[in-house]
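In case you want the letters, here they are:
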Amino acid sequence: MLNHLKVKLSLLAILIPSIAFTADGISISKAYIKKPRPGVDVTAGFATIESDVNLKVISVSSKKFKNIELHSMKMNYGVMEMRKMIEPKLGPNSPLVLSPGNDHLMLFGLSKDLNTGQNLDLTFLFKDQEGNEITKNFEFNVR
Ligand SMILES: [Cu+2]
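Numbering of residues starts from 1 in each chain and follows the order in which that chain's sequence is written. In view of the model being predicted, local features appear only for residues whose pLDDT reaches at least 70, and side-chain atom pairs are presented and counted only at 80 or more, with totals across whole chains, interfaces and linings using the full set of residues.

**Here's the deal with the overall build of the chain**
- Counting from the N terminus, the helices are the DSSP runs of H or I reaching at least four residues and the strands are the DSSP runs of E reaching at least two. Secondary structure assignment for the chain yields one helix and 10 strands.
- Mapped from its N terminus to its C terminus, the chain presents α and β elements in the order α-β-β-β-β-β-β-β-β-β-β.
- Taken across its 143 residues, the chain has 17% of its residues classed as buried.
- Our contact criterion uses C-beta atoms placed from the backbone: two residues qualify when those atoms are within 7 Å. Relative to all contacts within the chain whose residues are 6 or more apart in sequence, the contacts with residues 24 or more apart total 63%. Exposure in this text rests on C-beta crowding, where 20 or more other C-beta atoms within 10 Å of a residue's own make it buried, 12 or fewer make it exposed, and counts in between make it partly exposed. The C-beta atoms are placed from the backbone.

Below, the structure written as structure tokens:
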């Protein structure tokens with residue numbers, strides 16, 4: 001039964017290569033960064049992060065960017081406002097969904113030009129309910 005499940009999971013991993021299954025129950029899909037416009041060193045990133053356990057995102061970092069923040073977007077009197085999200089949560093049945101026009105990653109101070117199609121590692125630091133820190137590197141595709 002378990003073997004059967006494993007075969008199924010690995011088949012799924014082959015069929016859907018954008019989903020990374022990990023032993024710690026944290027997975028990411030649809031991870032990409034928008035290529036900044038020429039001369040601009042700020043851009044946005046998107047992904048869906050799922051977790052089997054309750055986690056908080058403490059920080060996100062990358063060698064290629066000076067600073068990375070998580071932002072929420074809200075309409076306020078007809079104006080779209082971005083706010084820094086403080087330690088957003090995710091857990092079973094409540095993934096962290098970062099998508100265009102909604103919550104997103106904001107990446108500041110790009111150090112080198114990014115090329116379309118290139119993959120970039122972003123390091124996520126999570127904390128679980130017991131206070132244990134979990135560091136994960138996720139690959140983001142530049143589009
Ligand atoms: Cu933003």
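**Description of the environment of Asp121**
- Along the polypeptide, Asp121 turns up in strand β9 (residues 119–128).
- Given 13 C-beta atoms within 10 Å, Asp121 falls into the partly exposed group.
- Sequence separation between Asp121 and Phe138 is 17 residues, and the spatial gap between their C-alpha atoms is 5.4 Å.
- Setting aside its immediate chain neighbours within four residues, Asp121 contacts Ser62, Asn137 and Glu139.

**Details of the pairing of β9**
- Where strand β3 (residues 55–61) meets β9, six bridges bridge the pair, whose relative direction is antiparallel. By the bridge assignment, Ser61 is partnered in β9 with Thr123.
- Strands pair, by our definition, only if DSSP identifies at least two bridges between them. The pairing of β9 with strand β10 (residues 133–142) spans nine bridges and is classified as antiparallel. Bridge assignment links Lys127 to a residue of β10, and that residue is Glu133.
- Counted between consecutive antiparallel strands, the loop separating β9 from β10 contains four residues, among which Gly131 sits at a positive phi close to 90°.

**Describing the pairing of strand β1 (residues 26–33)**
- In this sheet, strand β2 (residues 43–51) lies alongside β1 in antiparallel orientation, the contact comprising six bridges. In the strand pairing of β2, Ser29 is matched with Thr48.
- The sheet contact formed by β1 and β10 spans two bridges and is parallel. Across the sheet, residue Tyr32 finds its bridge partner in β10, namely Asn141.

**Concerning the nonpolar core**
- Here a nonpolar core is just a set of buried residues of the types Ala, Val, Leu, Ile, Met, Phe, Trp, Tyr and Cys, joined wherever their C-beta atoms sit within 7 Å. In terms of nonpolar packing, the biggest core is built from 19 residues, with Ile28, Ala31, Ala47, Ile49, Phe138 and Phe140 touching the most fellow members.
- Counting only elements with at least two residues in this core, the list comes to β1, β2, β4 (65–76), β7 (96–98), β8 (104–110), β9 and β10.
- Per-element tally for this core: the top contributor is β1, with four residues.

**Remarks on unusual backbone geometry**
- In this structure, Lys30 takes a positive phi of about 50° despite not being glycine.
- Mapping Lys30 onto the fold places it in strand β1.
- A positive phi is found at Tyr77, a non-glycine position, where the angle reads about 50°.
- Mapped onto the fold, Tyr77 is located in the loop between β4 and β5 (79–84).

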